[in-house]
Amino acid sequence: MNVKELENELERLGISKNLYSIMQGGFLNEKLCLVHEDEWKIYYSERGKRTGEKEYSSEAEACETFLRKVKRYADRK
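Residues numbered from 1 in each chain as written. Predicted model: local features only at pLDDT ≥ 70, side-chain atom pairs only at ≥ 80, totals over all residues. Heavy atoms only, no water.

(A) Examining the pattern of salt bridges more closely. According to the stated counting rule, one finds 6 salt bridges in the structure shown. As a salt-bridge pair, Arg50 and Glu53 come within 3.3 Å of each other at their nearest N and O atoms. On the accessibility criterion, Glu53 (34% relative accessible area) is partly exposed. Within the structure, one salt-bridge network assembled from shared partners comprises Glu37, Lys41, Arg50, Glu53 and Glu55. (Salt bridge = Lys/Arg side-chain N within 4 Å of Asp/Glu carboxyl O. Buried < 20%, exposed > 50% of the residue type's maximum accessible area, 1.4 Å probe, protein only.)

Structural data, given as structure tokens:
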């Protein structure tokens, strides 16, 4: 899975864009984020801080992990 496929799947599932950010970076408030810096990274952004940041070596691994995480996050909202 790549970023475009991830975005399409999230849209198909009807998951609100208010819950996540893909490829925007920065310190958004209360969003699960996926970015590509030196590595692919997933983190939760809250109050100007990155929490739970993890690095992934491939786009596919990061996108698949992000999809699982955002689906769980959406289920709790």
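(B) Geometry of the environment of Leu67. Secondary-structure assignment places Leu67 in helix H2 (residues 59-76). For the pair Leu67 and Met1, spaced 66 residues apart in the sequence, the C-alpha separation amounts to 9.9 Å. Leaving out residues up to four positions away in the same chain, Leu67 has contacts with Met1, Leu6, Glu9, Leu10 and Leu13. (Helix = DSSP H or I, 4+ residues; strand = E, 2+ residues; numbered from the N terminus. Contact = heavy atoms within 4.5 Å.)

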